[in-house]
Amino acid sequence: MTHAYPDSPVFYRKLAHDYPKIVRGEGCWLIDERGKRYLDAVGGAYVANVGHSNPEIAEAIAQQAREFGYLSGTMFTHGPVEELAAELAETLPGDLSKLYFLCSGSEAVEAALKLARQYWVERGKPSKQRIIALGPGYHGSTLLALSASAREAYKAMFRPWLVDVHRIPASYPYRCECGGKNAGCPVCSGAVLEEAITRLGAENVAAFIAEPVGGSSTGGSTPRPEYFKLVREICDRHDVLFVADEVLVGVGRTGTWWAIEPYGVAPDIMTFGKGVSGGYAALSGIAVPARIVDAIAEGSGNFMHAQTFSHHPVACAAGVATMRYLKEHRLVERCARMGRVLHERLRPLADLPHVGDVRGRGLLAGIEFVDDKASRAPLPRSAKFAEKFAEAALDAGLTVWPNVGHADGTNGDLVMVAPPFIIEEHEIDEIVSRLTVALETTLKGLTADVRST
Ligand SMILES: Cc1ncc(COP(=O)(O)O)c(C=O)c1O
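Residues numbered from 1 in each chain as written. Predicted model: local features only at pLDDT ≥ 70, side-chain atom pairs only at ≥ 80, totals over all residues. Heavy atoms only, no water.

Caption draft 1: Main features of the sheet that holds strand β14 (residues 413-417). The strand order across the open sheet formed by 4 strands is β11-β12-β14-β13, and the pairing between neighbours is antiparallel. With one partner strand each, in any of the chains shown, β11 (355-361) and β13 (401-404) form the two edges of the open sheet. Pairwise comparison of adjacent strand axes, ignoring direction, gives a mean angle of 20 degrees for this sheet. Pairing between β11 and strand β12 (residues 364-369): 6 bridges, direction antiparallel. Within the sheet, the bridge partner assigned to Arg361 lies in β12 and is Leu364. (Pairing = 2+ DSSP bridges. Helix = DSSP H or I, 4+ residues; strand = E, 2+ residues; numbered from the N terminus. Axes fitted to C-alpha atoms, helices over the stretch in contact; angles between N-to-C directions.)

What follows is the structure, given as structure tokens:
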């Protein structure tokens, strides 16, 4: 029995793929119906931060479902949402203190950008409606989040429905002429943001959205240490809200609760998702300061973003259990510690053919592949290197996340690893050895005729 289109009633994500059917998870591992074991080196999609089949989280979810499964967040409040807000608030930077819960990262980004717009309308500045975002960058697949994303291939057919988001180049040291070393570089310092705001007119700009550490789009690139300080100053100077998208890099992934922390500044609005429930429920949200919520409380009185499943009791119970597990087991500290081990063990991969760069922070690492290591020229898109690498890794029993297009909008191949925070050193070694096998397999398939097309 295959698990492939059209043999099953499932409308699969990839229609030319025969899916392994997973029947069990054990910590960092997934086991399929044939007994094959996969080391889940990317936690599915940067999600399973506390590992699979955690009995404490499973029990918390079951307990909540036994009490009540659903109630509407517009009518009632409940224990899990109050507790989750308190657990998260303890960790948040700056004056972020109020939490609104949703189900996916895309919804969190939609809500964050709509809140920025509503804030300015309620404050009597309705001309502030433009959004500035980075390229490369990804913020989700719903229409406003997609508009903010720099994924041309995802956007092309929906162009008539998308909002015009102004794009500035992302800090991406490996692909910047200065290599991220020039403090005066307008891109690597963040000064390009001021040019963009001036060009659009500050009176028209509502928000700037950015990932504090690059996710898939720039393969774990970390901007220079002063980058977000300048971003913060520019946003303050021009009355522009700074939205930090921590959907992928937040909740400990880079070795601090929030990836923005080492930059010593706080955003006006923060999004989170993915790891906040360890993947045990669909949960995301936004964190905001009272000064922003006050604008609505003193104005219309309602945030104009209603969703049936916002503040969901069972999802919030999964979030509470995950946050408590992270805290009790000091897993964010462990992520920082094991992240250092991961980067040390991954470093030798940079000497292998076609590996251009290995980078990241905490348990987030990107491995970028190139055609030519000296010139950093990307492989031709027709080679589908990243996709083939991910397939070879899966064959070798390893999950990784591929990304393409970051070099010039079309070309560019990288894969990411982001293992659960409970990963052990011997499992990190296993990741490295399976990555090496996947690279050998992929290189064998990189035939001269494919490369010449
Ligand atoms: C930075 C960032 N923001 C938003 C999203 C969208 O999240 P979701 O896929 O849960 O809608 C993603 C997803 O990968 C992301 O990486």
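Caption draft 2: Broad picture of the packing of aromatic side chains. The full count for this structure, using the stated rule, is 15 aromatic pairs. Aromatic side chains Tyr119 and Trp120 sit 4.8 Å apart centroid to centroid with 75 degrees between the ring planes, which places their arrangement in the edge-to-face category. One exposure class covers both Tyr119 and Trp120, and it is buried. Grouping aromatic residues by their ring pairs yields a cluster made of Phe208, Tyr227, Phe228, Phe242 and Tyr263. Positioned above the aromatic ring of Trp29, the side-chain terminus of Arg37 is 5.1 Å from the ring centre. (Phe/Tyr/Trp six-rings, centres within 6.5 Å; stacked < 30°, edge-to-face > 60°. Buried < 20%, exposed > 50% of the residue type's maximum accessible area, 1.4 Å probe, protein only. Lys NZ or Arg CZ within 6 Å of the ring centre and 35° of its normal.)

Caption draft 3: Geometry of the nonpolar core. Among the nonpolar cores identified, the biggest contains 94 residues, and Phe101, Phe208, Leu346, Phe389 and Leu435 are the most heavily contacted of them. Residue contributions to this core peak at 9 residues, all from helix α11 (residues 313-328). With 28 residues, the next largest nonpolar core counts Ala108, Ala133, Ile269 and Ile296 among its residues. (Core = buried A, V, L, I, M, F, W, Y, C linked by side-chain atoms within 4.5 Å.)

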